[in-house]
Amino acid sequence: MKAEKGLTKERVIHQKKSISRGRVNINDVTISFGSGANKNIAVETTTLDIPPGEFVCILGPSGCGKSTLLNSVAGYIKPASGQVLLDEKEVTQPGPDRGMVFQQHSLFPWKTVHENIAFGPKIAGHSQKECDSIANTFLSMIGLQGMAGKLPGELSGGMQQRVGIARALANYPSVLLMDEPFGALDAQTRLIMQESLLNIWSEFGTTVLFITHDVDEAIFLADRILIMSAGPGSIIADLNVELPRPRHSDIATSEEFVDLKRKCLSHIRKESLKAFECSTNH
Amino acid sequence: MNVRALEKCTDDRPDEVENILLPEEQNFTVENHDSTKSSTEDTLELKSDGVDHSVGSTKKTLKPPVLEKVFALYKKTDSLFIGVLSISVGLVLWHLATIYSFNFYINFQNIPTPLSVGSAFITQLADTEFYIHILVSLKRILVAYSIAVFLGVGTGLVIGRSRMMRAAVLPYIEIIRPIPAVAWIPLAILMWPTEESSIVYITFLGALFPIILSTVHGVEQTPEVLVRAALSLGAKRSKVFLHVVLPAALPSIASGLAIGMGVSWFSLLAGEVISGQYGIGYFTWNAYSLINYPDIVVGMLVIGALGSLSTFLVRLIMRPSLRWTLPRN
Ligand SMILES: Nc1ncnc2c1ncn2[C@@H]1O[C@H](COP(=O)(O)OP(=O)(O)O)[C@@H](O)[C@H]1O
Ligand SMILES: [Mg+2]
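For this particular structure, what's the right way to read unusual backbone geometry?
Glycine aside, residues mostly have negative phi angles, and peptide bonds mostly take the trans form. Residue and element names in this part refer to chain A. Residue Pro 246 is reached from Arg 245 by a cis peptide bond, and omega for that bond is -5°. With respect to the helices, strands and loops of the structure, Pro 246 is situated in the loop between strand E10 (234-240) and helix H8 (255-281). Not every positive phi belongs to a glycine, and Glu 180 is a case in point at roughly 45°. As for its position among the elements, Glu 180 is in the loop between strand E7 (175-179) and helix H6 (187-204). For Glu 180, a relative accessible area of 4% gives the class buried.

It is not clear to me how the pattern of salt bridges should be interpreted in this structure. Could you clarify?
A side chain with one charge can pair with a side chain of the opposite charge if their charged atoms come near. A full pass over the atoms with the stated rule returns 11 salt bridges over all chains. Close ionic contact of Asp 97 of chain A with Arg 98 of chain A constitutes a salt bridge, the shortest N to O distance being 3.1 Å. Look at Asp 97 of chain A and you get partly exposed, because its relative accessible area is 29%. Across the pair Arg 140 of chain B and Glu 272 of chain B runs a salt bridge whose closest N-O atoms are separated by 2.7 Å. Placement of Arg 140 of chain B in helix H6 (residues 128-161) and of Glu 272 of chain B in helix H11 (residues 237-274) is noted, with a sequence separation of 132 residues between them. Assessed through its relative accessible area of 0%, Glu 272 of chain B is described here as buried. Put simply, Glu 54, Arg 224 and Asp 238 of chain A are held in one network by salt bridges that share partners.

What exactly am I supposed to notice about the side chain of Ser 67 of chain A here?
Residues and elements named next belong to chain A. Looking at the element boundaries, Ser 67 is found in helix H2 (residues 66-74). Ser 67 gets classed as buried once you look at its relative accessible area, which sits at 10%. Of the polar contacts made by the side chain of Ser 67, one reaches the side chain of Asp 179; its length is 2.8 Å.

Can you walk me through the sheet that holds strand E1 (residues 24-33) of chain A in this structure?
Adjacent strands of a sheet pair through backbone hydrogen bonds, lying either parallel or antiparallel. Residues and elements named next belong to chain A. Taken in spatial order, the four strands of this open sheet run E2-E1-E4-E5, and their pairing is antiparallel. Because the sheet does not close on itself, it has two edges, and the strands there are strand E2 (40-50) and strand E5 (89-90). Judged from the seven bridges that link them, E1 and E2 form a sheet pairing that is antiparallel. Paired with Val 24 across the two strands is Ile 50, which belongs to E2. The strands touched by H2 are E1, E2 and strand E4 (81-86); relative to E1, the strand with the most contacts, the crossing angle is about 120°.

Mind showing me how you'd approach the environment of Gly 157 of chain A here?
Residue and element names in this part refer to chain A. Examined against the element boundaries, Gly 157 turns out to sit in helix H5 (residues 157-169). Residue Gly 157 is classed as partly exposed on the basis of its relative accessible area, which comes to 36%. Here the alpha-carbon distance between Gly 157 and Arg 167, two residues 10 residues apart in the chain, equals 15 Å.

Is there a simple way to explain H11 of chain B in this structure?
One turn of the α-helix equals 3.6 residues, which is why residues spaced by three or four share an orientation. All names here are of chain B. Over its 38 residues, H11 extends only 47 Å from the first C-alpha to the last, a length that falls short of the 56 Å expected when each residue adds 1.5 Å. A maximum bend of about 50° is found in H11 at Leu 250, where proline Pro 251 lies one to four positions downstream. One or two residues past the end of H11 sits Gly 276, with phi positive at roughly 100°.

Explain the domain arrangement of chain B to me, please; I cannot follow it from the model alone.
For interface size, the figure often reported is the accessible area lost on association. Residues and elements named next belong to chain B. Under the domain assignment used here, chain B contains domain 1 (2-31 + 114-325) and domain 2 (35-107). Across the contact, four residues belong to domain 1 and four residues belong to domain 2. Note on domain 1 versus domain 2: buried area summed over both sides is about 300 Å², and carbon and sulfur give 89% of it. A per-residue breakdown of the area domain 1 buries against domain 2 is headed by Pro 114, Leu 115 and Val 297, which together make up 89% of the total. Inspection of the domain 1/domain 2 interface yields zero salt bridges. There are zero residue pairs in polar contact (both at pLDDT 80 or more) connecting domain 1 and domain 2. The biggest single contributor to the side of domain 1 that touches domain 2 is helix H5 (residues 114-125), with three residues.

What counts and how
Residues numbered from 1 in each chain as written. Chains lettered and ligands numbered in written order. Predicted model: local features only at pLDDT ≥ 70, side-chain atom pairs only at ≥ 80, totals over all residues. Heavy atoms only, no water. Helix = DSSP H or I, 4+ residues; strand = E, 2+ residues; numbered from the N terminus. Buried < 20%, exposed > 50% of the residue type's maximum accessible area, 1.4 Å probe, protein only. Salt bridge = Lys/Arg side-chain N within 4 Å of Asp/Glu carboxyl O. Polar contact = N/O pair within 3.5 Å; in protein donor to acceptor, adjacent residues only side chain to side chain. Pairing = 2+ DSSP bridges. Contact = heavy atoms within 4.5 Å. Axes fitted to C-alpha atoms, helices over the stretch in contact; angles between N-to-C directions. Expected span 1.5 Å × (residues − 1). Bend = angle between axes of the 7 residues up to and from the residue. Domains from an automatic or database assignment. Buried area = accessible area lost by both parts, 1.4 Å probe.

Here is the structure:
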């Protein structure tokens, strides 16, 4: 998971900063919405231990509670019971130590690309000069130096997501939380984005919690896949992905990849069949 | 702050737009991990753009170039042309109706002709008192509108973000808002020490409500995902307000400001007609009392022009801060 090529000084700093932090613990977390007769349990007593620097994909169909679980780590939602810990400290509110990347339309449309990326450092109290230099570093990392002065509305969907990733990383968070960040992109762009995400991650080594409902995406990206199923939302499988890194998209035809995919699909199929039988019995 | 954020979370689902989930088996056969197709989406976009242009130009060159130019010029000017034509037709109809004393339900017998209105206008332009009327009205608008902007936007932002404040303030708004400016006049005269201040008060009230309501609306429609993004980037409540809620509400605030300007003229005129010794509304009403009919229409047209002009100014001032909402390519 570390960068293979020569490490620049900066890269080493990233790694040192990040590798020792970013442990996420989810302890007996239950999350529900509404109350009384309308009570809906979105996540049922879930426990997870995610070590620093791990790339974890949470895979599951729409509505199974993936976003809800991620939002509790982000601090947007309080669990009904249980605790979310980041490096042994309980999560009680959103904060810059957990960078968030949303599916789409999450850049501030009135701020330029540069201002969007510099937002976190600016809030953190860095001087304008520092903010500019951080923003420039990240702009070149995502290959959008030429777009610095553009507004988000002038960018393609893929570019916007790259800026979203850069904006989250500009705070040097210990965890990157990504909620179907490529879900709204076309298949072609999605592949490019997946590869570039892995490149970026290899430099930063932050813990990543990545939500997707695309099996290929999960296998291609992850060290570990958590398969989630609905009714009520819970983790039904925890698979390790042993594919070597760095990964390229042609890995999708390798035997290991296909094996893993078969495994994932059979877990998902079992669950959907159960759900299907449930719904027909009613 | 987080209590609010959490409250919002429970009734607002910004990420609800989910892709429809295909059976995963289908994904498998269709997806094709081919790294050689590395052309980025940017170049793809440029290409498709270029295609569009070439298609357009080949179509156009089928026409002779001179005709082409005339056509383009016509296209540019035709709405102006139609506008002028339409106004001219209106003036001619007005003229005909007055000189033939049209009287069928609507009575044009005492209505001044367009020409007499024009000459009355030119006469007024030479009279300093006419300018005093205009300036007095403008001053009232400026004072009343400024206070309304300040209080209206402030109140709107507060009740847009705080449930308690909204519950406390909204009943007042609902009760007072439907009361027309004219109905306020007697009470305003009783309440305020001078006639001037009561007119300004009425004008202020007219502008206030549209501004409050559009500010509230703007604040309410702030995308929750942007608030969350800001919170995750380390922003606290006041920063979220400044960097997210306020700019997100600006388009709606801007339209409230423009509407408020229109309504403030409306209210001003009501106030001026009934009391005061100066002001363009007083001028108009006074012309009626003096049986100086052309001046009535002069006053009306000046009011219309000033109303349009000031609304246009408000739009112009707001435009730079709304650059991001404009469509672009
Ligand atoms: N704010 C909310 N209020 C009420 N119900 C919610 C809310 N957010 C999510 N839910 C419910 O929780 C379940 C899981 O939703 P979600 O976490 O968004 O699923 P996913 O991200 O996997 O598609 C769904 O049944 C959804 O209706
Ligand atoms: Mg979701």
